[in-house]
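Per-entry structural report
The lines below spell out each chain.
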Amino acid sequence: MSDLTDDEQQLIAAARGAIANAHAPYSNFAVGAALRMTDGSILTGSNFENASYGLSLCAETVAIAAANAQGRLRDIAAIAVTGGPMGAASSDVITPCGRCRQIIKEAQDMAGRDLTILCAAPVGEAVRRFDLDFLLPEAFGPANLGIG
Ligand code: THU
């Protein structure tokens, strides 16, 4: 994608950097995520697996939970995600899993504005830009429970 802003390229670079911190000895699939906050700062997350397999945490979820832990859940403006098989230098884009889409929905609704979701390949130029309505149409969210 050639229409990326400098900010977006920087965010993708941060997500790529977060791949290195993945704890993914079970799947050997390393994922990094980076959040652009409204003050311009960046928070990152990496997937965090454990021996139960099914209870693993995705990179996007870890990043958004980190923002919440800092009292900044409402301050997320954009998210970048990237990942692939460890050591493979993948040039494929990945998109957030279903659970992460719901968690991004929570962050977006609490922010009160649309979040940009950048899905980038670990290596090379492939990047796709999404909004959440496309990734999670007709979503259930806080408004259905009278929140937000
Ligand atoms: N994973 C993420 O971190 N984010 C996603 O959106 C998709 C999958 C992780 C979970 C697991 O640790 C590994 O990738 C393989 O599924």
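Scope of this entry: the structure provided in the associated data block. (Residues numbered from 1 in each chain as written. Predicted model: local features only at pLDDT ≥ 70, side-chain atom pairs only at ≥ 80, totals over all residues. Heavy atoms only, no water.)

**Concerning the site of the ligand**
Taken together, S27, F29, V31, N47, E49, C58, A59, E60, T95, P96 and C97 make up the full set of residues near the ligand. At 2.6 Å, a side-chain N or O of E60 approaches an oxygen atom of the ligand. C97 places a polar main-chain atom, nitrogen or oxygen, 3.0 Å from an oxygen atom of the ligand. Summarising the interface, the protein chains cover 78% of the accessible area of the ligand, which totals 370 Å² for the free molecule. With respect to the detected pockets, the ligand is housed in the largest pocket. Within the residue set of the shell around the ligand, elements represented by two or more residues are β1 (29–37) and α2 (59–69). (Near = heavy atom within 4 Å. Polar contact = N/O pair within 3.5 Å; in protein donor to acceptor, adjacent residues only side chain to side chain. Areas by Shrake-Rupley, 256 points an atom, 1.4 Å probe, with all protein chains shown as cover. 1 Å grid on protein atoms, 1.4 Å probe; cavity = no way out; pocket = protein on both sides within 12 Å on 5 of 7 lines; lining within 4 Å. Sits in = over half its atoms within 2 Å of the grid points. Helix = DSSP H or I, 4+ residues; strand = E, 2+ residues; numbered from the N terminus.)

**Quick look at helix α3 (residues 98–111)**
For α3, built from 14 residues, the straight-helix expectation of 20 Å at 1.5 Å per residue is met to within 8% by its first-to-last C-alpha distance of 20 Å. Where α3 is concerned, the buried positions are C100, R101, I104, K105, A107, Q108, M110 and A111. Along its buried surface, α3 packs onto α2, β3 (76–85), β4 (116–120) and α4 (132–135). Directly after α3, the chain includes G112, whose backbone phi takes a positive value near 75°. (Expected span 1.5 Å × (residues − 1). Buried < 20%, exposed > 50% of the residue type's maximum accessible area, 1.4 Å probe, protein only. Contact = heavy atoms within 4.5 Å.)

**Brief notes about the layout of surface pockets**
In this approach the atoms are scanned with a rolling probe the size of a water molecule, which exposes any empty space left behind. Empty space within the largest pocket amounts to approximately 170 Å³. Considering the residues around the largest pocket, the lining is formed by 14 residues, among which F29, V31, N47, C58 and E60 are closest to the centre. Considering only residue class, the lining of the largest pocket consists of eight nonpolar, four polar and two charged. (Points joined across faces, edges and corners; volume = space filled by probe spheres on them. Nonpolar A, V, L, I, M, F, W, Y, C, P; charged D, E, K, R; others polar.)

**So, the pairing of strand β5 (residues 127–130)**
Each regular strand shows side chains that alternate between the opposite faces of the sheet. When β4 meets β5, the two strands line up antiparallel, connected through four bridges. Paired with L118 across the bridge in β5 is R129. Hairpin geometry of β4 and β5 is characterised by an intervening segment of six residues between the two adjacent antiparallel strands and by a positive phi of about 95° at G124. (Pairing = 2+ DSSP bridges.)

**Concerning the pairing of β4**
With four of five residues buried, β4 lies mostly within the body of the structure. Where β3 meets β4, four bridges bridge the pair, whose relative direction is parallel. In the sheet register, V81 faces β4, and the bridge partner there is C119. Regarding the hand of the β-α-β motif, the stretch spanning β3, α3 and β4 is right-handed. (Right-handed = clockwise from strand over helix to strand, strands pointing away.)

**Considering a negative patch on the surface**
There is a patch of like negative charges on the surface, built from D114, D131, D133 and E138. Mapped onto the elements of the fold, D114 is located in the loop between α3 and β4. (Patch = residues over 30% accessible without salt bridge, like charges linked within 9 Å, V, L, I, M, F, W, Y side chains within 5 Å. Salt bridge = Lys/Arg side-chain N within 4 Å of Asp/Glu carboxyl O. Lys, Arg positive; Asp, Glu negative; His and termini not counted. Charge placed at Lys NZ, Arg CZ, Asp CG, Glu CD.)

Functional significance is not addressed by these values, which are geometric in nature.
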